[in-house]
Number of protein chains: 2
Amino acid sequence: MKRNSRLSLALHTLGHMAGDPDRMRTSADIAKHAGTNPVVVRRVLGKLREAGLLTSEKGHAGGWRLARAPDAITLADVYLALDESLVATAEQEAASACSVENILQKKVASVLEDIERSLVERLAATTIAEVR
Amino acid sequence: MKRNSRLSLALHTLGHMAGDPDRMRTSADIAKHAGTNPVVVRRVLGKLREAGLLTSEKGHAGGWRLARAPDAITLADVYLALDESLVATAEQEAASACSVENILQKKVASVLEDIERSLVERLAATTIAEVR
DNA sequence: ATTAACGCAACAGCAAAAGTTACATTAGCC
DNA sequence: GGCTAATGTAACTTTTGCTGTTGCGTTAAT
Ligand code: FES
Ligand code: FES
């Protein structure tokens, strides 16, 4: 697991959680499985918690758990929770003096928006219950 | 022009070329317009030449020119010529022991392939003659 | 012969992502 | 109450890919 590691890490972890939703997992456990560092895990899962997909508990018997049923969490939920996008975003700059630049900007931005939308649609069709 | 600079640079340059196809441009000219370095321009345009979209000539009166009519070059041609993809590619690693990983890999890869295909389709609908 | 261009390779600088360390806080357990 | 094991966060370091830069060889017009 190398690239796009945040998303990979998140999906992989949720996939395993979906297979045994009641078990509480610590960031150290998860990190060991994923071959990374507990802090990285907490960083990523923290975003999923903010999005309401996971809950975490501090203290002695703490750890991480799904916040909803596995079949109520789609890949799109995860993708959107980390706001990192798989489609390069064409950030719009203040309209330049160059007409070529402006026209291109519009064309490309509109294509990318459509593509992004359809990507999310596709991801929404699969739940993490289906990937374990 | 900051991000995804290779594609931006390429499209922008071709857009301008489409407006005056017979004029020969040097990498230094182009670099000045694009606010970058001639070597960077040659790197990018070199790929477009390999793909048959441009021709370059060395020597004193050398420079760059379109290899075909502007309305015969689509944005998709340019996108494909630089093999840099706007959709993050889910590189496949040797099937791991973990079934979650394998299933995810397949799902995500297939989605991304579809998305990439449809992106290229969309880009193929516009020629550089339309963006000047 | 000179000049102005490309081609290419090697190197330097930079910025974003990942990993690491450190420490405060929290909650169960004896 | 004190110990232990967990999260939460901030700061720092390392890695990595991209951009930009320099240098030099090659080519062709003048
Ligand atoms: S990571 Fe999927 S099995 Fe350990
Ligand atoms: S860059 Fe488009 S006008 Fe100079």
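Chain A appears in an unreviewed UniProt entry as Rrf2 family transcriptional regulator from Octadecabacter dasysiphoniae.

Visitor: How would you summarise the pattern of salt bridges if you had to cite specific residues and measurements?
Guide: Scanning the model with the defined rule gives 8 salt bridges over all chains in all. For Asp114 of chain B, the salt bridge is made with Arg122 of chain A, and the minimal N-O distance between the two is 2.6 Å. Of this pair, Asp114 of chain B sits in helix α5 (residues 99-124) while Arg122 of chain A is found in helix α5 (residues 99-123), placing the two residues in two different chains. For Arg122 of chain A, a relative accessible area of 33% translates into the label partly exposed. One salt bridge connects Lys47 of chain B with Asp83 of chain B, and the closest N-O pair in it is separated by 3.0 Å. Of the two residues, Lys47 of chain B is situated in helix α3 (residues 38-50) and Asp83 of chain B in the loop between α4 (75-81) and α5; the sequence distance between them amounts to 36 residues. With a relative accessible area of 61%, Asp83 of chain B lands in the exposed category.

Visitor: Any chance you could break down the side chain of Ser27 of chain B for me, citing the residues and the numbers?
Guide: All names here are of chain B. Following the sequence through the fold, Ser27 ends up in helix α2 (residues 27-34). Relative accessible area serves as the criterion here: at 8%, Ser27 is assigned to the buried category. In this structure the side chain of Ser27 is engaged in a polar contact, spanning 3.0 Å, whose partner is the side chain of Arg42. In this view, Ser27 contacts Pro38, Val41, Arg42 and Trp64; residues no more than four positions away in its chain are not counted.

Visitor: Tell me about the nonpolar core, residues and numbers included.
Guide: The tendency in soluble globular proteins is for nonpolar side chains to be buried side by side. Ranked by internal contacts, the top residues of the largest apolar core, which has 80 residues, are Leu48 of chain A together with Leu48 of chain B. Other than its neighbours up to four places away in sequence, Leu48 of chain A contacts Ala10, Leu14, Leu53, Leu54, Val78, Ala81 and Leu82 of chain A.

Visitor: Can you lay out the pairing of strand β1 (residues 54-57) of chain A for me, pointing to particular residues and giving the numbers?
Guide: Taken residue by residue, a regular strand's side chains alternate between the two faces of the sheet. Residues and elements named next belong to chain A. Of the pairings in the sheet, the one linking β1 to strand β2 (residues 63-66) comprises 4 bridges and is antiparallel in character. Across the sheet, residue Glu57 finds its bridge partner in β2, namely Gly63. In sequence, β1 turns back onto β2 through a hairpin of 5 residues, with Gly59 there showing a positive phi of about 80°.

Visitor: An account of the protein's contact with DNA strand C is needed here, citing residue identities and associated values.
Guide: Within the structure, DNA strand C sits among 24 residues, and Ser5, Arg6 and Arg43 of chain A together with Ser27 and Arg49 of chain B are positioned closest to it. A share of 63% of the atoms of DNA strand C within 4 Å of the protein falls on sugar and phosphate groups. One nitrogen or oxygen atom from the side chain of Ser5 of chain A is found 2.3 Å from a phosphate oxygen belonging to DNA strand C. Interatomic distance of 3.3 Å between a side-chain N/O atom of His60 of chain A and a base nitrogen of DNA strand C. Elements with a minimum of two residues in the surface near DNA strand C: α1 (5-18) and α3 (38-50) of chain A together with α3, β1 (54-57) and β2 (63-66) of chain B. If you tally residues by element for the surface near DNA strand C, the top one is α3 of chain B, at 4 residues. Of the residues that constitute the surface near DNA strand C, the class distribution is 4 nonpolar, 12 polar and 8 charged.

Reading the values: the criteria
Residues numbered from 1 in each chain as written. Chains lettered and ligands numbered in written order. Predicted model: local features only at pLDDT ≥ 70, side-chain atom pairs only at ≥ 80, totals over all residues. Heavy atoms only, no water. Salt bridge = Lys/Arg side-chain N within 4 Å of Asp/Glu carboxyl O. Helix = DSSP H or I, 4+ residues; strand = E, 2+ residues; numbered from the N terminus. Buried < 20%, exposed > 50% of the residue type's maximum accessible area, 1.4 Å probe, protein only. Polar contact = N/O pair within 3.5 Å; in protein donor to acceptor, adjacent residues only side chain to side chain. Contact = heavy atoms within 4.5 Å. Core = buried A, V, L, I, M, F, W, Y, C linked by side-chain atoms within 4.5 Å. Pairing = 2+ DSSP bridges. Near = heavy atom within 4 Å. Nonpolar A, V, L, I, M, F, W, Y, C, P; charged D, E, K, R; others polar.

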